[in-house]
Amino acid sequence: MALSFVIIGGGPGGHTAASHAAKLGADVTLIEREIVGGAANLWDCIPSKAMIATGSALNMIDKSEEMGLTDVKAHLDFDALRQRIVSIEDRLEHSVTSLLQSQGVRVLRGTGRMVGPHEVVADTAEGEITVHADAVLLATGSRPRIPEWAAPDGDRVLTTRDAYPPKELPEHLVVIGSGVTGVEFVSMFSSFGCDVTLIVSRQQVLPQKDPEVAAALETHFLDRGVRLYKGARAEGIERTDDGGVRILCDDGRVATGSHALLAIGSIPNSEGLGCDAAGVEVNAWGYLDNNHHLQTNVPHIYVAGDLSGRLPLSSVASMQGRKIAEHVMGLHTREHRHLDYDKAASAIFTEPEIADVGLAEADAFAEGRKIRVTKVPFSTTAKALINNAPRGFVKIVSDPATGVVLGGSIVGRHAAELISVIALAVTAGLNVEDIVDSLLVHPSLSEALAEAAD
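Residues numbered from 1 in each chain as written. Predicted model: local features only at pLDDT ≥ 70, side-chain atom pairs only at ≥ 80, totals over all residues. Heavy atoms only, no water.

**Student:** Mind laying out the pattern of salt bridges, listing which residues take part and the relevant values?
**Tutor:** Scanning the entire structure with this criterion turns up 21 salt bridges. Close ionic contact of Glu184 with Lys49 constitutes a salt bridge, the shortest N to O distance being 3.1 Å. Taken as a pair, Glu184 in helix H4 (residues 180–191) and Lys49 in helix H2 (residues 39–62) lie far apart in primary sequence, 135 residues in all. Classification of Glu184 as buried rests on a relative accessible area of 6%. By relative accessible area, Lys49 is classed as partly exposed at 22%. Across the pair Lys395 and Asp210 runs a salt bridge, and its minimum N-O distance is 2.9 Å. A residue pair is termed long-range when its members are at least 10 positions apart, and Lys395 in strand E21 (residues 393–398) and Asp210 in the loop between strand E10 (195–200) and helix H5 (211–223) qualify at 185 residues. Here Lys395 matches Asp210 in class, with each residue buried. Among the charged side chains, a salt-bridge network with shared partners connects Asp210, Glu212, Glu361, Lys375 and Lys395. (Salt bridge = Lys/Arg side-chain N within 4 Å of Asp/Glu carboxyl O. Helix = DSSP H or I, 4+ residues; strand = E, 2+ residues; numbered from the N terminus. Buried < 20%, exposed > 50% of the residue type's maximum accessible area, 1.4 Å probe, protein only.)

Next comes the structure, spelled out in structure tokens:
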């Protein structure tokens, strides 16, 4: 009899685990209450990147004269953009659902909860459905964090999910939060021609990133006319008589605009899962503690994605789902590689794009670790000049004794694609000579990687 594997949550972690376990012979049931493919992925991540792509296209057209073109103009059709986003979401959900159905995965539309260590109930439109589970995966993701001093209304005071896209294009958007999500919104709406103000609680945007990378992004924002309120922490939002908003900061400064957007993190969706009934421990922050196999304190109950408290990246969740499926099906007994979250590549889809992987230069210095840092500006590469996109650089961090690639960061067009080369080097333990000796395409942006490695 096939092993019964029940998954609550159909995001990247959940549906990848479902697909992989089904291929390995498990009897898989997937329970999803919103959208197969993941609400955070298909309703947040994908729409934001689609909007950013449209903004990037507008910027390219604005600079078309520099490419030898004349009389080229474009205007944003907000309704057409909205329809494009919906079509992308529908196509991706259909793709995931069709794959799961072809593999024999049972998909239940509803809310899943555990009523015991081996019993899961799905509350569906047709009523309760109880499923026995030899193994359970909890992958219910997270939702935007809303502070006590803010009251989102979906009109003028927005959470991130209200803004993909918003009901109307903001005349002046005040973004609260300068992490990854916040700066993407700044880039997105400034490219649409909106006035934008960014509330930066620290002394730099992207406080967890390389200061040189953050500085490059700040310079670009200022060039676009973005207002930066550095060292200001928002502590209140008021609606004004003219229909706008006022954001009150702890240092006395006040930012005004037509709309405010909260981009200050997320909280895990661990409520209502029946963790108490199954004996699963939930920590003080709402995450489920887990080991390197993603097992909770109840060994046959696993956790993936944002709920795991690990890196909140779709790519990480997908890989977690794959590893969990292998462990559930007993493949962990063979030689395999454990997930190393310190080697996960990440990207920020601003303009210019930002991507990094592995050891950061600032972290190495803070640890007193000896490193070799090499940097090459894109302005020295032929393809960047051809693309009329010379802004940015490639930076590679390596071990000075062995040449092993420890990390790297990229600022510039296609950074999210180019970082893959450095990510592979970091994961595989390659050295800089392996990159230098690769016969890369000319002219291409990847040549900057070889130059930085040399």
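That was the structure; now back to the text.
**Student:** Break down the layout of surface pockets for me, with residues and values.
**Tutor:** Considering only enclosed or pocket space, the second largest pocket measures out at about 510 Å³ in volume. When residues of the lining of the second largest pocket are traced back to their parent elements, those giving at least two are H2 and helix H10 (415–428). When residues in the lining of the second largest pocket are grouped by element, the largest group, six residues, is from H2. (1 Å grid on protein atoms, 1.4 Å probe; cavity = no way out; pocket = protein on both sides within 12 Å on 5 of 7 lines; lining within 4 Å. Points joined across faces, edges and corners; volume = space filled by probe spheres on them.)

**Student:** Help me get a handle on H4, residues and values and all.
**Tutor:** The end-to-end C-alpha distance of H4 is 17 Å, a good match for the 16 Å that twelve residues give at a rise of 1.5 Å each. With ten of twelve residues buried, H4 is to be regarded as a mostly interior element. Where H4 is concerned, the buried positions are Gly182, Val183, Glu184, Phe185, Val186, Ser187, Met188, Phe189, Ser190 and Ser191. Tucked inside the fold, the buried residues of H4 contact H2, strand E9 (172–176), E10, H5, strand E15 (259–262) and strand E18 (346–348). The positive-phi residue at the C-terminal boundary of H4 is Gly193, with phi of around 95 degrees. (Expected span 1.5 Å × (residues − 1). Contact = heavy atoms within 4.5 Å.)

**Student:** Please give an account of the packing of aromatic side chains that cites residues and values.
**Tutor:** Evaluated as defined, the whole model comprises three aromatic pairs. Pairing Phe185 with Phe189 gives two aromatic rings, centres 6.0 Å apart and planes at 10 degrees, and the pair type is stacked. With a gap of four residues between them, Phe185 and Phe189 both fall in helix H4, about one helical turn apart. Exposure remark for Phe189: the relative accessible area of 1% places this residue in the buried category. Taken together, the aromatic side chains of Tyr164, Phe185, Phe189 and Phe192 make up a single cluster linked through ring pairs. Cation over ring: Lys375 sits above Phe393, and NZ or CZ is 4.5 Å from the ring centre. (Phe/Tyr/Trp six-rings, centres within 6.5 Å; stacked < 30°, edge-to-face > 60°. Lys NZ or Arg CZ within 6 Å of the ring centre and 35° of its normal.)

**Student:** Pulling in residues and values, what's your account of the sheet that holds E9?
**Tutor:** Taken together, five strands build an open sheet; the order of strands is E8-E15-E9-E10-E11 and the sheet is parallel. Here the strands that pair on one side only, and so sit at the sheet edges, are strand E8 (157–159) and strand E11 (227–230). Averaged over neighbouring strand pairs, the angle between their axes works out to 20 degrees when direction is ignored. Relative to E15, E9 runs parallel, the two being bridged by four bridges. Bridging across to E15, Leu173 finds its partner in His259. Those strands touched by H4 are E9, E10 and E15, and its axis lies near 165 degrees from that of E10. (Pairing = 2+ DSSP bridges. Axes fitted to C-alpha atoms, helices over the stretch in contact; angles between N-to-C directions.)

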